[in-house]
Amino acid sequence: MIEMFALFLIAVFTLATLAAVGVLADSGLRWWSAFGMLRQRMDRGYASAPVGQRPVILQECSLGFARTPRARQVIRRSTQRAA
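Keep in mind it's a predicted model, so treat the numbers as computed, not measured. (Residues numbered from 1 in each chain as written. Predicted model: local features only at pLDDT ≥ 70, side-chain atom pairs only at ≥ 80, totals over all residues. Heavy atoms only, no water.)

Participant: Which residues make up the overall build of the protein chain, and what values do they have?
Facilitator: For the protein chain, the helix and strand inventory stands at two helices and zero strands. The 83 residues of the protein chain split such that 1% are buried. For the protein chain, the accessible area works out to roughly 9,300 Å², and carbon and sulfur atoms hold 63% of it. (Helix = DSSP H or I, 4+ residues; strand = E, 2+ residues; numbered from the N terminus. Buried < 20%, exposed > 50% of the residue type's maximum accessible area, 1.4 Å probe, protein only. Areas by Shrake-Rupley, 256 points an atom, 1.4 Å probe, with all protein chains shown as cover.)

Written out as structure tokens, the structure reads:
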């Protein structure tokens, strides 16, 4: 009974290790590819080219969140008197 449980634990840990190695390998290959592309762009002078004008910052009204204030007067009259 204990031997079967030990084999089960070994199998679970082995599968978890293989899954972790697979995820790390995938991430490593993605990083390797990204840095390879960056190296190619730098060799062509793309990454070191001067950046043009900065992007325009949108004003509030262009996003539709700004509201024009209405000129109105708020009048409230008290209907209860102090006791």
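Participant: Explain the packing of aromatic side chains to me, using residue names and the numbers behind them.
Facilitator: Under the defined criterion, the tally for this structure stands at one aromatic pair. The lysine or arginine in question, R39, covers the ring of W32, its NZ or CZ lying 5.9 Å from the ring centre. (Phe/Tyr/Trp six-rings, centres within 6.5 Å; stacked < 30°, edge-to-face > 60°. Lys NZ or Arg CZ within 6 Å of the ring centre and 35° of its normal.)

Participant: How would you explain helix 1 (residues 2-44) if you had to name every residue and give the values?
Facilitator: The first and last C-alpha atoms of helix 1 sit 63 Å apart over 43 residues, in line with the 63 Å expected at 1.5 Å per residue. Where helix 1 ends, the next residue or the one after it, G45, has phi of about 85°, a positive value. (Expected span 1.5 Å × (residues − 1).)

Participant: Any chance you could break down a nonpolar patch on the surface for me, citing the residues and the numbers?
Facilitator: Nonpolar side chains collect at one region of the surface, where F5, F8, L9, V12 and F13 lie side by side and expose about 510 Å² of accessible area between them. Taking the relative accessible area as the measure of exposure, F13 reaches 56% and is therefore exposed. (Patch = residues over 30% accessible without salt bridge, like charges linked within 9 Å, V, L, I, M, F, W, Y side chains within 5 Å. Salt bridge = Lys/Arg side-chain N within 4 Å of Asp/Glu carboxyl O.)

Participant: Report on the pattern of salt bridges, specifying residues and quantitative values.
Facilitator: Per the stated rule, a full pass over the model turns up one salt bridge. Note that R30 and D26 form a salt bridge whose closest N and O atoms lie 3.1 Å from each other. With R30 and D26 both in helix 1 and four residues apart, the pair spans about one turn of that helix. Take R30: its relative accessible area is 58%, and that puts it in the exposed class. Note on D26: relative accessible area 36%, which makes it partly exposed.

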